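# Remarks on the overall topology
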Amino acid sequence: MTTTASPAAASGTFRIGGDLPVHRLGFGAMRITGPGIWGDPRDPAEAVRVLHRTLELGVTFIDTADSYGPDVSERLIKQALHPYPADLVIATKGGFTRPGPGNWVTNGRPEYLRGQLDKSLRNLGLERIDLYQLHRIDADVPVEESLGELERLRQEGKIRHIGLSEVSVAQIKQARETTEIVSVQNRYSVADRDAESVVDYCEQENIAFIPWSPIATGRLAAADSPLATISKAHGATPSQLALAWLLRRSPVVLPIPGTSSVAHLEENVAAAAVELTDEEFESLTKAV
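Note that the structure is a prediction, hence the values are computed from the model and not measured.

### Concerning the nonpolar core
- Counting residues in each nonpolar core, the largest one holds 84 residues, and the members touching the most others are Ile16, Phe27, Phe61, Ile77, Leu150 and Phe209.
- By residue number, the principal contributor to this core is helix α8 (residues 238-249), which donates six residues.
- With residues near it in sequence (within four places) discarded, Phe61 still touches Ile16, Val22, His23, Gly26, Phe27, Leu88, Val89, Ala91, Leu131, Ile210, Leu254 and Ile256.

### Notes on the pairing of strand β8 (residues 129-134)
- Among the six residues of β8, six are classified as buried, and the element is accordingly described as predominantly covered.
- Pairing of strand β5 (residues 89-94) with β8 involves four bridges; the strand directions are parallel. Residue pairing in the sheet places Thr92 in a bridge with Tyr132 of β8.
- Summarising the sheet, β8 and strand β9 (residues 159-165) pair through five bridges and their orientation is parallel. In the strand pairing of β9, Leu131 is matched with His161.
- Each parallel crossover has a hand, and the one from β8 via helix α4 (residues 143-155) to β9 is right-handed.

### Looking at helix α6 (residues 196-205)
- What α6 keeps buried is the set Val198, Val199, Tyr201 and Cys202. For α6, the angular spread of buried residues about the axis comes to 165°, placing them on one side.
- Buried positions along α6 lie against α5 (169-175), β10 (183-185), β11 (208-209) and α8.

### Quick word on the packing of helix α7 (residues 226-234) against helix α10 (residues 278-286)
- The interhelical angle for the contact between α7 and α10, taken along N-to-C directions, is 155°, at an axis separation of 9 Å. It follows that α7 is roughly antiparallel to α10 by the angle criterion. As α7 runs across α10, the sense of the crossing is left-handed. Residues Pro226, Leu227, Ile230 and His234 of α7 pack against Glu280, Ser283 and Leu284 of α10.
- Taken together, the residues that form the contact of α7 with α10 break down as four nonpolar, two polar and one charged.

Calculation notes
- Residues numbered from 1 in each chain as written.
- Predicted model: local features only at pLDDT ≥ 70, side-chain atom pairs only at ≥ 80, totals over all residues.
- Heavy atoms only, no water.
- Core = buried A, V, L, I, M, F, W, Y, C linked by side-chain atoms within 4.5 Å.
- Buried < 20%, exposed > 50% of the residue type's maximum accessible area, 1.4 Å probe, protein only.
- Helix = DSSP H or I, 4+ residues; strand = E, 2+ residues; numbered from the N terminus.
- Contact = heavy atoms within 4.5 Å.
- Pairing = 2+ DSSP bridges.
- Right-handed = clockwise from strand over helix to strand, strands pointing away.
- Arc of directions from axis to C-beta.
- Axes fitted to C-alpha atoms, helices over the stretch in contact; angles between N-to-C directions.
- Parallel < 35°, antiparallel > 145°, perpendicular 65-115°, else oblique.
- Left-handed = near helix turned anticlockwise from the far one by under 90°.
- Nonpolar A, V, L, I, M, F, W, Y, C, P; charged D, E, K, R; others polar.

Written out as structure tokens, the structure reads:
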């Protein structure tokens, strides 16, 4: 399929775990839920249209979690897209409980993770999760116990690959003593670079780095900022430039911008075709 027919293909391809090829510009399915990432979306029909359009644009990597809704995002994905195309990789996460809108409480107990994994399989209509990520390390549960349970689930055939979320390099190294880690999902963007060392480590080890909140631009979106100036030169939006910067940052970076709007989705995916020059990339990098 050409990149014209499949705009997301212009972002290039990465093999998660060495055996799951995906177009690098993916879709984060958190925002297809209700306010506070709680309950059903205000416009369920639009959420379904977003998911359909995601595939039409050539996106082959969708990231969700059992806590989005909770369960709402996973169920909508199944409703809209099942049976799934052979090239679609759906990643989900477990490790949070949701007492209410905007509330997130970590729970890394092995029995909880096992129950959530089984529920995600039902919600998504799958027999195996291609990429299952520990949503957060629980400070009250030894990480080897949480990941040990995920490794047992992997050996049982319910998980193909295991990933982490919001971790340091030291925590990744510790986790790899228990199981193979193929992905890391941390907050990261052109304007928020606290995870810089994690990106470098992931590139070194060929681990997928999945930045959440990838189009946060903050003060870089000001009218006189380098981001705004370069955006005008490309006829692109600041958000598109932020995604283009991430795609240029490292070949292991898989941005997952999320939205509840088809128009915004199309704008995000169009960023795959934006190519920054060396000078433009360095200008944005040094602006933070």
